[in-house]
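Examining the three-dimensional arrangement
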Amino acid sequence: MYGLLKSAHVVLAIVTFSGFLIRAWWAYTESLRLERTLVRVLPHVIDTLFLLSGIALIVMASWPVLESPWLLAKFAGLLAYILFGTVAIRRGRSRRVRLAAATGAIVAFVYVTGAAVLKSALSWAA
């Protein structure tokens with residue numbers, strides 16, 4: 001069961017990041033596609049499943065969150081990804097701001113991925 005849940009979590013990570021890249025591009029190009037109902041709702045559903053699968057993995061593995069620096073680093077990176085992502089897609093007032101925020105979100109996501117793969121708060125620098 002754990003392996004299946006971990007696989008689902010990885011797939012959801014890929015799906016959520018791919019969706020972000022598409023929506024960030026649409027925000028940068030000021031596409032009206034961002035206003036479609038499915039585009040506005042589906043990412044929240046995917047992100048919720050992604051987050052719930054991560055929480056379930058923590059519970060199933062009985063990881064002591066406060067004693068796992070790499071896991072705390074993942075949460076910090078996730079918060080940065082969310083904050084940058086909202087600026088990149090919705091709150092950025094100019095193309096330049098949206099591009100800078102999208103870049104920040106991509107860097108945060110890459111950091112989180114490295115922390116998860118290497119189980120190190122240093123991420124890919126470990």
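Notes on the structure in this doc start here.

About the thresholds
Along each chain, residues carry numbers from 1 onward, in the same order as the chain's sequence is written. This being a predicted model, a pLDDT of at least 70 is required before a residue's local features are given, and a value of 80 or more before pairs of side-chain atoms are given or counted; all residues contribute to the totals for chains, interfaces and linings. Hydrogens are left out, water is left out, and the side-chain values use all remaining heavy atoms of the structure. When two rings of Phe, Tyr or Trp (its six-membered ring) have centres within 6.5 Å they constitute a pair, described as stacked for plane angles under 30 degrees, edge-to-face for angles over 60, and tilted for the intermediate range. Secondary structure follows DSSP: runs of H or I at least 4 residues long count as helices, runs of E at least 2 residues long count as strands, and numbering of each begins at the N terminus. The buried label goes to any residue with under 20% of its type's maximum accessible area, the exposed label to any with over 50%, and the partly exposed label to all in between, with areas taken from a 1.4 Å probe on protein chains only. Whenever a helix is involved, its axis is fitted only over the stretch in contact; in every case the axis is a line through C-alpha atoms, and angles between N-to-C directions fall within 0 to 180 degrees. Working definition: roughly parallel below 35 degrees, roughly antiparallel above 145 degrees, roughly perpendicular at 65 to 115 degrees, and oblique for all remaining angles. The hand of a helix crossing depends on one turn: near helix anticlockwise from the far one by less than a right angle means left-handed, and clockwise means right-handed. Any two residues whose heavy atoms approach within 4.5 Å are treated as being in contact. Residues are grouped as follows: Ala, Val, Leu, Ile, Met, Phe, Trp, Tyr, Cys and Pro are nonpolar; Asp, Glu, Lys and Arg are charged; all remaining types, including Gly, are polar. Residue count minus one, scaled by 1.5 Å, sets the expected span of a helix. We define the nonpolar core as a collection of buried residues of types Ala, Val, Leu, Ile, Met, Phe, Trp, Tyr and Cys that are connected through side-chain atoms lying within 4.5 Å of one another.

Aromatic rings in a pair are described by how distant their centres are and how their planes are angled relative to each other. Tallied over the entire structure, the rule returns five aromatic pairs. Between Trp25 and Tyr28, the ring centres sit 5.9 Å apart and the planes meet at 35 degrees, which makes this aromatic pair tilted. With Trp25 and Tyr28 both in helix H1 (residues 2-28), this residue pair falls three residues apart, about one helical turn. With relative accessibility at 51%, the residue Trp25 sits in the exposed group.

Where helix H3 (residues 69-91) contacts helix H4 (residues 95-118), the axes come no closer than 8 Å and their chain directions differ by 160 degrees. In this view, H3 runs roughly antiparallel relative to H4, as classed from their interaxial angle. In the crossing of H3 with H4, the sense of the turn from one axis to the other is left-handed. Note on element contacts: H4 touches H3 through Val97, Arg98, Ala101, Ala102, Gly104, Ala105, Ala108, Phe109, Tyr111, Val112, Ala115 and Ala116, opposite Trp70, Ala73, Lys74, Gly77, Leu78, Ala80, Tyr81, Phe84, Gly85, Val87 and Ala88. In the contact of H3 with H4, the residues fall into 18 nonpolar, three polar and two charged.

Another aspect to go through is the packing of H1 against H3. With their axes 9 Å apart at the nearest point, H1 and H3 run at an angle of 25 degrees to one another. Taken together, the axes of H1 and H3 are roughly parallel relative to one another. Crossing geometry of H1 relative to H3 is assigned as left-handed. Touching His9, Thr16, Phe17, Phe20, Arg23, Ala24 and Ala27 of H1 are Lys74, Tyr81, Gly85, Ala88 and Ile89, all from H3. When grouped by side-chain class, the residues that make up the contact of H1 with H3 number seven nonpolar, three polar and two charged.

A rise of 1.5 Å per residue sets the reference length of helix H2 (residues 37-61), with its 25 residues, at 36 Å; its end C-alpha atoms lie 37 Å apart and thus fit the reference within 8%. Turning to H2, its buried residues number three or more, namely Val39, Pro43, Ile46, Phe50, Ser53, Gly54, Leu57 and Ile58. The inward-facing, buried residues of H2 contact H1 and H3.

With that settled, the discussion passes to the nonpolar core. Residues Phe17, Phe20, Leu34, Tyr81, Ala88, Ala102 and Phe109 are the most contacted members of the largest nonpolar core, which totals 19 residues. At the level of elements, H1, H2, H3 and H4 are the ones that each hand at least two residues to this core. Counting residues per element, this core draws most heavily on H1, at seven residues. The residues contacting Ala102, other than those within four sequence positions of it, are Phe20, Ala24 and Ala88.

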